[in-house]
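These are the residues of each chain, in order.
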2 protein chains.
Amino acid sequence: MAKQLTLPRLLVEGADSGANLVYGSGFHPVDPVVFLDESTRRTLVVPMLEYRRAREEANNAEVFLPEDLGIPKKKMRSLSAWALYLLRRRGVRRVRVGGFFPAGIARDLERAGVRVLIEPASLYPERAIKTNAEIAAITKSQQAAVAGMRAAHRVLKEAEIGRGGWLRWQGRTLTSERLRDVIDGALLQHGCIARDTIVAGDAQAADPHERGHGPLRAGTSIVLDIFPRHKRTGYWGDITRTFCKGPPSPALARMYRTVLTAHRQALAMIRPGLPGNRVHEAVSDFFVKEGYPTVVQDGVVRGFFHGTGHGVGLDIHEAPSISRAETQLLAGHVVTVEPGLYDPDIGGVRIEDTVVIEKRGARILASFPNLFRV
Amino acid sequence: MAKQLTLPRLLVEGADSGANLVYGSGFHPVDPVVFLDESTRRTLVVPMLEYRRAREEANNAEVFLPEDLGIPKKKMRSLSAWALYLLRRRGVRRVRVGGFFPAGIARDLERAGVRVLIEPASLYPERAIKTNAEIAAITKSQQAAVAGMRAAHRVLKEAEIGRGGWLRWQGRTLTSERLRDVIDGALLQHGCIARDTIVAGDAQAADPHERGHGPLRAGTSIVLDIFPRHKRTGYWGDITRTFCKGPPSPALARMYRTVLTAHRQALAMIRPGLPGNRVHEAVSDFFVKEGYPTVVQDGVVRGFFHGTGHGVGLDIHEAPSISRAETQLLAGHVVTVEPGLYDPDIGGVRIEDTVVIEKRGARILASFPNLFRV
């Protein structure tokens, strides 16, 4: 095992899937590139289009064009050839790759005699522990998320309750779409974009991954889950609040109080050395004790059916997870804490902050008050 | 080969990398899911979080939770187990996967006795031919891109030339960042987002993948490359224009005229049945003939060093490419046509439209005039 850990790492990734590549090389590619990390020596193979930027952005990596590697002309556009000829140039015959490494390239390398070891875990496990610069970058994205939340809260405050309980704002029906535009506009002003901002009301709020659509209504839960990515750094932020315009039903009010308590308890538990699954189990047990078991019936899911948290960094979901998985929380981890309860007959409530784990416990990166009734 | 084409297709993909999954299943997942396409029967395995949406969005696919498949509890979060137990349930022992299928899952399946055939080409080659609904979706994103271009052009028109030739707008220096915010704001109003809008001036414009930063200047090229993705449909648009505030240098003016001629000639050539590489060669040859060879010297690249075009759809770069690759252009292809010339001592010029190939030739999806001097 120790020997395997010294083996060079090979990555073939583009911009969207490439968090490990960005982390390992410092380079944000647009098109797929090849990266060989021999620890003491790093090499990129990039298309001509990426050449200048790669040389500027990459941390101490030598940058080759495929044309530099003696690749036969008819293979010049094959990523497998880029990787293979680079490995030959470097005299590397065994490499480690991640589980999501392209199977087609792995097969081509093996056929050419390269030994390809697939890492069971992460190729860069050290990514989970954030540097100060990374924490600053995530904080910036989280501040953008808070700005989006503030803008949305202001709209909900200004909104009026019209006929049938439907919300109206600036003379028109307030929809999930309109509120999402307000949030995403605020994110943009903070250098961030978000494709999937969640503004889910009423029964839609009972589905944690529903983006939300259509008119919003008084007396029902409105879940706002804002996870922007900074356009320059690539780091994410993540925050969720749940609001209700006008008086909630007693069942919804009780659901909110329960999630808020779970959120506070989970935040208070977190400290370095604690297994993440202990936090998740505490939240799950608390919900069951309070009368919210997780059940699937006739295709409808009720209760708590996602993790209590996940790492945040160059990926929106990364290590460590705070779930049933047996992980250990460590100082420098940046994680979300986001218990939630869902029931299509009541609505949905989720409260989420992103925190950095420090010696004394969890520190919230950027804060927004827990206001429920607007 | 015919036999292999009837083999079930297996996909394990999340939102960002998942154009084939979206295409094959109709479902836009957030977290990774497993999709088995047996042509006559389609099946998804999704986490509980995705369950309701998958059942609503997926086209005629049966949706399973991992819990439905008899997976042992300790493997319940393994995507390999989801795939393996689904294949067993369906009695499938051989599958086709794409070249970018995760190598770790391919290995796990093979160890469990599943035969995994890696498709040398695309898993859904039919994706290149767009349906009318897809053309409408791309047109919508392209209209957003044109709206962004219009907004940017207005700003450049309003801008004044200040001391040293630096542009000023609304009392402040006009930077790439400010102009990008104007563009991205316009895209947002049209339901689209763009992470990497290019606003590159002067020497930065000579690098086709440089996003651009800092103050913009009169008399230099300003390349605006706008490629938004529609938040709901996931389809992209792509347009580029090059502007110059105030009089350009003679060298830049000549570069612009040359690219504009190449762009018009390429558009006029395109028709179903033509090899894409013929279009690319015509553009490349024209540039050489006009005195713009492609050369790399001391790490600086000059000339024309990207493809003439690429397919646009659920991916921003997809089949077919109009490049050195031997492809055939067909009716229903949606492609960009984007010749460009680059030289750090002169600047950069790229002119790009996105077109659908019809019986009679290329039809531009949404148009913006070719204005150079602002």
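Residues numbered from 1 in each chain as written. Chains lettered and ligands numbered in written order. Predicted model: local features only at pLDDT ≥ 70, side-chain atom pairs only at ≥ 80, totals over all residues. Heavy atoms only, no water.

A. Inspection of empty space enclosed by the protein at higher detail. Evaluated as defined, the whole model comprises 2 cavities of 30 Å³ or more. Taken as a whole, the largest cavity spans an internal volume of roughly 70 Å³. Around the largest cavity, the lining residues are Asp184(A), Leu187(A), Leu188(A), Cys192(A), Ile193(A), Ala194(A), Asp184(B), Leu188(B), Cys192(B), Ile193(B) and Ala194(B). Only helix 7 (176–189) and strand 10 (192–193) of chain A together with helix 7 (176–189) and strand 10 (192–193) of chain B provide two or more residues apiece to the lining of the largest cavity. The element contributing the most residues to the lining of the largest cavity is helix 7 of chain A, with 3 residues. Class assignment for the residues of the lining of the largest cavity results in 9 nonpolar, no polar and 2 charged. (1 Å grid on protein atoms, 1.4 Å probe; cavity = no way out; pocket = protein on both sides within 12 Å on 5 of 7 lines; lining within 4 Å. Points joined across faces, edges and corners; volume = space filled by probe spheres on them. Helix = DSSP H or I, 4+ residues; strand = E, 2+ residues; numbered from the N terminus. Nonpolar A, V, L, I, M, F, W, Y, C, P; charged D, E, K, R; others polar.)

B. Summary view of the interface of chain A and chain B. At the interface, 49 residues of chain A touch 48 residues of chain B. Summing the contributions of chain A and of chain B, the shared interface buries around 4,800 Å²; its carbon and sulfur component is 59%. It is Leu49(A), Arg195(A) and His209(A) in chain A that bury the most area against chain B; as a group they hold 17% of the surface buried on that side. Linking chain A with chain B are 6 salt bridges. Linking Arg52(A) and Glu210(B) is a salt bridge whose minimum nitrogen-to-oxygen distance equals 2.8 Å. Summed over the shared surface of chain A and chain B, the number is 18 residue pairs in polar contact (both at pLDDT 80 or more). (Contact = heavy atoms within 4.5 Å. Buried area = accessible area lost by both parts, 1.4 Å probe. Salt bridge = Lys/Arg side-chain N within 4 Å of Asp/Glu carboxyl O. Polar contact = N/O pair within 3.5 Å; in protein donor to acceptor, adjacent residues only side chain to side chain.)

C. Representation of the pairing of strand 6 (residues 115–118) of chain A. All names here are of chain A. Pairing of strand 5 (residues 94–97) with strand 6 involves 4 bridges; the strand directions are parallel. Residue pairing for strand 6: Val97 is matched across the bridge by Ile118. In the classification by handedness, the crossover that spans strand 5, the intervening helix 5 (residues 103–111) and the parallel strand 6 is right-handed. (Pairing = 2+ DSSP bridges. Right-handed = clockwise from strand over helix to strand, strands pointing away.)

D. Representation of the domain arrangement of chain A. All names here are of chain A. Structurally, chain A comprises domain 1 (2–123) and domain 2 (128–364). The C-alpha centroid of domain 2 is placed 37 Å from the C-alpha centroid of domain 1. Of the residues lining the interface, 4 residues belong to domain 1; the matching set on domain 2 comes to 5 residues. Between domain 1 and domain 2, a total of about 420 Å² is buried, with carbon and sulfur atoms accounting for 51% of that surface. One can count 0 salt bridges joining domain 1 with domain 2. On the surface where domain 1 and domain 2 come into contact, there are 1 residue pair in polar contact (both at pLDDT 80 or more). Its residues assigned to classes, the side of domain 1 that touches domain 2 shows 3 nonpolar, 1 polar and no charged. (Domains from an automatic or database assignment.)

E. Spotlight on the packing of helix 7 of chain A against helix 7 of chain B. At a minimum axis distance of 10 Å, the contact between helix 7 of chain A and helix 7 of chain B shows a crossing angle of 165 degrees. Classified by the angle between their axes, helix 7 of chain A and helix 7 of chain B sit roughly antiparallel to one another. Between helix 7 of chain A and helix 7 of chain B lies a crossing of right-handed hand. Where helix 7 of chain A abuts helix 7 of chain B, its residues Asp181(A), Asp184(A), Gly185(A) and Leu188(A) lie against Asp181(B), Asp184(B), Gly185(B) and Leu188(B). Taken together, the residues that form the contact of helix 7 of chain A with helix 7 of chain B break down as 2 nonpolar, 2 polar and 4 charged. (Axes fitted to C-alpha atoms, helices over the stretch in contact; angles between N-to-C directions. Parallel < 35°, antiparallel > 145°, perpendicular 65-115°, else oblique. Left-handed = near helix turned anticlockwise from the far one by under 90°.)

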